[in-house]
Amino acid sequence: MNKLLYIATFGCQMNDRDSEIMAQLLTKESYFPTDDIDAADAIIVNTCSIRGKAEQKAYSMLGSLRRRKKQNPQLIIAATGCVAQQEGEKMLARMPHVDIVIGPRLIYKLPELFAQASKRDKGFVATEQVSSFVIPPFLPSLDEGLPYKRFVTIMQGCNNYCTYCIVPYTRGREISRKVSDIVSEVEHLVAGGIKEVTLLGQNVNSYGNDQPKDVRTSFASLLRQVAAIDGLNRVRFTTSNPKDLSEELMQCFVDLDKLCTHFHLPVQAGSDAILKRMNRKYTVASYLEKVEKLREYCPEVSLTTDIIVGFPGETEDDFAATMDLMEKVRYHAAFSFKYSSRPPAKSCEFEETVTEEEKGRRLAIFQNRQKEISLERNNEYVGQEMELMIEGKSKVEGQWAGRSKSNHTVNFKSQDTFIPGQLVNVVIEEGCLNSLRAKLLVK
Ligand code: 5AD
Ligand code: SF4
């Protein structure tokens, strides 16, 4: 008998992809996705623990399910993702109505774990850090929107141990998937109509480093193999640690037409003292050099970044250095966050010197200036022709939305009908804060 599965996903694209994989795996157990939580026979909360707030969100969603479980004891509730990994038994003690607490590396065992859960009357934990990478490569693709683009996980985990970051503890050490599995997965997706893939990893530039040197394939070389797949129109990737950004990768922007001209290059801070304490292993000067080089290879690249304000010990001068760096780079967009202490990440041992109020003040200063820069940057596109991949109807009546290679959402008016994934050409008429407005070119 068919059953309904509701998944709430928090956090990054890695989690989005994991949610897709879980949904796909459970179709084998006759679970099908629903958007209606009231109708669900099983609920998965795929959690994120990157900052304290994300963890609170996860717990508050899980807490709100207590009543449902009481009303319907057959309901299966699973907590997955980074908070699940980090909390394990502690989560079960706090949320006894949860049936299974599953770490990110064990989601491939979901059907088995669900079968166990339906036989037990007490919750259990599955959080061991298995060291093999098991992605079921060929799963029936689910018809649930976005039929033209997909995420493809190429590696899991992280070895960098930035002192603020919980990811190495929740997602474990780096493991790369086999090149042949990744290429087969993309070929399979393309055969099913997918036009764009985004290759995902916590630090894609260290792809392959866990393999012996003589058989290793670099990320740049993987990218070339993926881009060579016929029928695929666009390739993106995320995320990169600036310390590992190589010229071999920059060269891909010259050689591969399908590689989208957007680079997310998280800098985190603009002061060498803070970068050192964050264990980022680059300096402001070496970061700026890489940005300059990247722009030589790909002058049209749109750059985005992540920034943390209020890291322990961040002085007014350190913060001014971050502001200075943003003026030098002039990012197209930036994601900025207040520092949040995340045990057992190393920075928890550092004394917190910046008050919440001061963090808020610095964040507002940063964000206000970034808005101005984004608007200026987006207006630099006015008059340029761009190729868009149609995403669907825009939120504004009578308009369509597409995505540019530079990763901008671009809206244009048209009475015609377009199919998601279709390519069209436009000319940009106006830059807005988070999007561009364009006119359709009829060719
Ligand atoms: N506090 C605040 N921001 C953080 N990030 C990661 N860990 C923390 C933390 N402890 C931010 C970084 C990272 C992004 C995904 O989240 O900027 O690049
Ligand atoms: Fe959140 Fe990081 Fe886990 Fe992604 S990997 S879900 S951002 S903690």
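Residues numbered from 1 in each chain as written. Chains lettered and ligands numbered in written order. Predicted model: local features only at pLDDT ≥ 70, side-chain atom pairs only at ≥ 80, totals over all residues. Heavy atoms only, no water.

**Notes on the site of ligand 1**
In step 1: Contacts to ligand 1 come from Ile-50, Arg-51, Tyr-164, Gln-268, Asp-306, Ile-308, Phe-337, Lys-338, Tyr-339, Ser-340 and Arg-342.
In step 2: Side-chain polar atom of Asp-306 to an oxygen atom of ligand 1: 2.6 Å apart, as the coordinates give it.
In step 3: In isolation ligand 1 has 400 Å² of accessible area, and contact with the protein removes 87% of it.
In step 4: Elements that contribute at least two residues to the shell around ligand 1 include exactly β13 (302–309) and β14 (333–338).
In step 5: Taken together, the residues of the shell around ligand 1 sort by class into five nonpolar, two polar and four charged. (Near = heavy atom within 4 Å. Polar contact = N/O pair within 3.5 Å; in protein donor to acceptor, adjacent residues only side chain to side chain. Areas by Shrake-Rupley, 256 points an atom, 1.4 Å probe, with all protein chains shown as cover. Helix = DSSP H or I, 4+ residues; strand = E, 2+ residues; numbered from the N terminus. Nonpolar A, V, L, I, M, F, W, Y, C, P; charged D, E, K, R; others polar.)

**Observations regarding the environment of Ala-273**
In step 1: Here Ala-273 lies in helix α11 (residues 272–277).
In step 2: The spatial distance from the C-alpha of Ala-273 to the C-alpha of Glu-314 is 8.7 Å, given a sequence separation of 41 residues.

**Quick notes on helix α13 (residues 316–329)**
In step 1: Under the 1.5 Å per step criterion, the end-to-end length of α13 is 20 Å for 14 residues, consistent within 8% with the ideal 20 Å.
In step 2: Along α13, the positions that sit buried rather than exposed are Asp-318, Phe-319, Thr-322, Met-323, Leu-325, Met-326 and Val-329. Take α13 and look down its axis: the buried residues cluster within an arc of 155°, on one side only. Turned more than 90 degrees from where α13 packs its buried face, Asp-317 and Lys-328 sit exposed.
In step 3: At its buried positions, α13 is contacted by α11, α12 (284–297), β13 and α14 (356–379).
In step 4: Downstream of α13 by one or two residues, Arg-330 has phi in the positive range, about 55°. (Expected span 1.5 Å × (residues − 1). Buried < 20%, exposed > 50% of the residue type's maximum accessible area, 1.4 Å probe, protein only. Arc of directions from axis to C-beta. Contact = heavy atoms within 4.5 Å.)

**Some words on unusual backbone geometry**
In step 1: Backbone torsion omega between Thr-238 and Thr-239 reads 5°, so that peptide bond is classified as cis.
In step 2: Positive phi is not limited to glycine here, since Arg-330 has a value of about 55°.
In step 3: Its location among the elements puts Arg-330 in the loop between α13 and β14.
In step 4: The backbone phi angle of Asn-407 is positive, close to 75°, even though this residue is not glycine.
In step 5: When you line up the elements, Asn-407 lands in the loop between β16 (399–404) and β17 (409–413).
In step 6: Given the relative accessible area of 28%, Asn-407 is considered partly exposed.

**Remarks on the packing of helix α10 (residues 247–255) against α12**
In step 1: At their nearest, the axes of α10 and α12 sit 8 Å apart, and the two run at 30° to each other. In this view, α10 runs roughly parallel relative to α12, as classed from their interaxial angle. Pair α10 / α12 crosses with right-handed handedness. Here Glu-247, Met-250, Gln-251, Phe-253 and Val-254 of α10 come into contact with α12, specifically with Lys-290, Lys-293, Leu-294 and Tyr-297.
In step 2: Looking at the contact of α10 with α12, its residues break down into five nonpolar, one polar and three charged. (Axes fitted to C-alpha atoms, helices over the stretch in contact; angles between N-to-C directions. Parallel < 35°, antiparallel > 145°, perpendicular 65-115°, else oblique. Left-handed = near helix turned anticlockwise from the far one by under 90°.)

**What to know about the sheet that holds strand β7 (residues 149–153)**
In step 1: Across the sheet, which stays open at both edges, the three strands sit in the order β7-β10-β11 with parallel pairing between neighbours. Across the chains shown, the open sheet's two edge strands, defined by having one partner strand only, are β7 and β11 (234–238). With direction set aside, neighbouring strand axes in the sheet form an average angle of 20°.
In step 2: Looking at chain direction, β7 and strand β10 (residues 196–200) are connected through five bridges and run parallel. (Pairing = 2+ DSSP bridges.)

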